[in-house]
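Chain and residue survey
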Amino acid sequence: KASMVKLQTSRNLSWTLLVLSGICLDYGLGCLTTDKDPNVPCVFPFTYLGTTYSGCTRATDPDDKLWCATKVDENGSYINRSTQFGYCAEDCPDGDLETDDLDIRTLDDEIEETDRQCGNDESCKYQTKCPEFLKQKKYLLSLPRGGQEYKGTLLKIRNGVCNKSKKGVCCPNTKKENICNRGSSCLKEDQCKYAQDLRKKYRNGDNQAKQELIDLICDRKERKFCCPDDITTSRSSPITTSSSRPITTSKTTSPSWLPGKGECGINPFTDPSNVLGGVKTKPGQFPFTALLGYPNRERKWIEKKRDWFTIDNIKYKCGGTLINHWYVVTAAHCQGSSKRSKISSVRLGEWEVGGDPDCLRKGKNDEFCLDPVQDFEISNEQVTVHENYRRTPSNVNNDIALIRLNRPAVLNKGVQIVCLPINPV
C-alpha cells in the first residue's frame, strides 16, 4: 500500500510538473503589455484570423501598433471581440517578422503536406509553381497513351502528389547557392550584421527596413537571409573582380538603390554597342532589356496524340528595362485591365526566344553563350502604374510603370543594369 501511495504521489508530481512546464511555455518569453492594463504577460503562441504568431503582431490594428493576446481559448486562438489583448513593450518579439506565412518574395509558395511527406531536398508546392512537374506533364502528353513509358511517367507523377485537394506536388528545392545575388551569402541572422541592423530599424518604426528584410530571406525553414559581404565602395570607383564586373555591396542590394557612374550602362563581358540601322544584335549586346509575358491559351495539334489540345503558355508582347536589381521600368500601357492583358512574368537575359542558352558561334571552335534566362512570376500587386497615366485620342500622358521583381536579378553576361539620368544637366 505504501508503494502504491508513493507511486501515486510520483504520478501527481509528474503531472504537476507537466502542467507547470506548459505554463512556462505560454508565458516564458517575458513579454508584457504597456497600455490600459500594463504588465500583463502575453500568451505565445496565439492564433488570430488563421495565422499563428510566436510574437506580437500589427495585424488589423487601426494604429499599426504591435499587440498580443493575453488570453486564448482551448484551441490557442485569440478570443474574438474580447478585450483580452494588450500593446507590447519595446523588448517583445516581433511576430510579423517571425511568422511563416509572410510574403516571402524570394521563394515559391509552399503548402501543407497532407497526402505524402516530401524528401529533405523537396518542398510541397502548387503544380503551377514547380518547373519539374510541368516538364514531366509536358513529356507525358507527348507519349502514346497506354504505352509502358507513358504508364511509368504517370506513376511517377502520381507518386509525387503531396496535397491532392490543393494540387500540390513534391518539388525539388532550388539550389540555395543560386538564390542570393553575387556578393551575398545565405546566413542566419546572428551571423549577419546587415540583417540585424534592418531589424533594429524596423523596430524603431522603419517599415521600409521590414520590407527589405523580408526581401532578403533566402531560406524560410532555417531562417536565413541573403547577407551582403562586408564591402564598402563609392559610386565613382566601384570595386571590380578580375572580369571587370562590379561586386554587389550592401548598398546595391537595396531595392531603392540606383547605380552611379561606372556601375551601369555597360556589359563587362562584351564590347560596347548601340542601335544603328536595324543591324542584327549579338548575345549580350543589350543586357538591360526585359521581356514582359502575358497568360496565353491556344489550341494546338499534337501529332503523337493525333488530336487537338488546349495549351496554356506565356506570350511576350511588351518590353522593359532593368534599372536596378529589383525593378524593371516599362510603359504603363503594357499593363492592361483584363486578366490576359496583365503582366504575369518578366524574363531577363534573353537574346532569341526559343533557345536556352543563347549561343553565337564565332569560329570553328569558338562559341560565346549567355547564361540561362531568369524568369520571374509577376502578380498585379507588383506592377505600379503612374497615377496620372491617361490615354486620349490625341496623346498618351505619363506612360510609365514600374515592375518589382520577387527576387533580385543576378548580373551576368546577359543581364546588366541600365543608367538613368539621375542628375540631368
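In this convention, every chain numbers its residues from 1, walking through the sequence in written order. This being a predicted model, a pLDDT of at least 70 is required before a residue's local features are given, and a value of 80 or more before pairs of side-chain atoms are given or counted; all residues contribute to the totals for chains, interfaces and linings. Think of the side-chain values as coming from all heavy atoms in the structure, minus any hydrogens and water.

**Digging into the environment of Lys317**
- Numbering of helices and strands runs from the N terminus; a helix is a DSSP stretch of H or I covering at least four residues, while a strand is a stretch of E covering at least two. Mapping Lys317 onto the fold places it in strand β12 (residues 307-322).
- Counting along the chain gives 24 residues from Lys317 to Ser341, while the straight-line C-alpha distance between them is 9.5 Å.
- Two residues form a contact once any of their heavy atoms are found within 4.5 Å. Those residues within four positions of Lys317 in sequence are excluded, and the remaining contacts are Leu292, Tyr294 and Arg340.

**Section: the confidence of the model for the protein chain**
- Per-residue confidence for the protein chain gives a mean pLDDT of 75, with 75% of residues at or over 70.
- A low-confidence stretch, residues 1-29 (pLDDT under 50), is modelled with 11 contacts involving residues beyond four sequence positions or located in other chains.
- A residue's pLDDT is simply how confident the predictor is in it, with values from 0 to 100. In the predicted structure, residues 98-108 sits below a pLDDT of 50 and forms 32 contacts with residues beyond four places in sequence or in another chain.

**Considering the side chain of Gln374**
- By the secondary structure assignment, Gln374 is in strand β17 (residues 374-377).
- A relative accessible area of 9% means that Gln374 is categorised as buried.
- Within the local environment of Gln374, its side chain forms a polar contact with the backbone oxygen of Val410, the two atoms lying 2.7 Å apart.
- Residue contacts for Gln374: discarding those within four places in its chain leaves Val346, Arg347, Leu348, Arg407, Ala409, Val410, Asn412 and Val415. Categorising residues by exposure relies on relative accessible area from a 1.4 Å probe, with only protein chains included: less than 20% of the type maximum marks a residue as buried, more than 50% marks it as exposed, and the intermediate range marks it as partly exposed. Residues adjacent in sequence count toward polar contacts only when both atoms are side-chain atoms; beyond that, a polar contact is any pair of N or O atoms within 3.5 Å, and within protein one must be able to donate a hydrogen and the other to accept it.

**Some details on the nonpolar core**
- What makes a nonpolar core is a set of buried Ala, Val, Leu, Ile, Met, Phe, Trp, Tyr and Cys residues whose side-chain atoms join them at distances within 4.5 Å. Of all hydrophobic cores here, the largest spans 22 residues; its most connected members are Leu322, Val346, Leu348 and Leu405.
- The set of elements that each furnish at least two residues to this core consists of β11 (289-302), β12 and β14 (345-348).
- With three residues, the single largest contributor to this core is β11.
- Not counting the four nearest positions on each side in its chain, Leu348 is found in contact with Thr289, Ala290, Leu322, Val373, Gln374, Phe376, Leu405, Ala409 and Val415.
- The next biggest cluster of nonpolar side chains, apart from the first, holds 16 residues, and it includes Cys42, Phe44, Tyr87 and Cys92.

**Considering the packing of helix α3 (residues 131-141) against helix α4 (residues 148-159)**
- Contact geometry of α3 with α4 gives a least axis separation of 10 Å together with a crossing angle of 155°. Comparing the axis directions of α3 and α4 gives the class roughly antiparallel. Once α3 is placed against α4, the crossing between them reads as left-handed. Packed against α3, whose contacting residues are Phe133, Gln136, Lys137, Tyr139 and Leu140, the element α4 presents Glu149, Tyr150, Thr153, Leu154, Lys156 and Ile157 at the interface.
- Residues were grouped as follows: Ala, Val, Leu, Ile, Met, Phe, Trp, Tyr, Cys and Pro as nonpolar; Asp, Glu, Lys and Arg as charged; and all remaining residues, including Gly, as polar. Grouping the amino acids of the contact of α3 with α4 by side-chain chemistry returns six nonpolar, two polar and three charged. Axis geometry follows a simple rule: fit a line to the C-alpha atoms, using only the stretch in contact for helices, then measure angles between N-to-C directions, giving values from 0 to 180 degrees. These descriptions rest on fixed angle ranges, namely under 35 degrees for roughly parallel, over 145 for roughly antiparallel, 65 to 115 for roughly perpendicular, and the rest for oblique. Note on convention: the crossing is left-handed when the near helix lies turned anticlockwise from the far helix by less than a right angle, right-handed when the turn is clockwise.

**Some details on α4**
- An ideal rise of 1.5 Å per residue puts 16 Å on 12 residues; α4 measures up with 17 Å between its terminal C-alpha atoms.
- Here α4 has its buried residues at Tyr150, Thr153 and Ile157. Along the axis of α4, the buried residues cluster in a sector spanning 70°; they form a single face. Exposed residues on α4 whose side chains face more than 90 degrees from its buried face are Gln148, Lys151, Lys156 and Arg158.
- Elements that come into contact with the buried residues of α4 comprise α3 and β6 (161-163). Multiplying 1.5 Å by the residue count of a helix minus one yields the expected span of that helix. The arc refers to the directions leading from the helix axis to the C-beta atoms.

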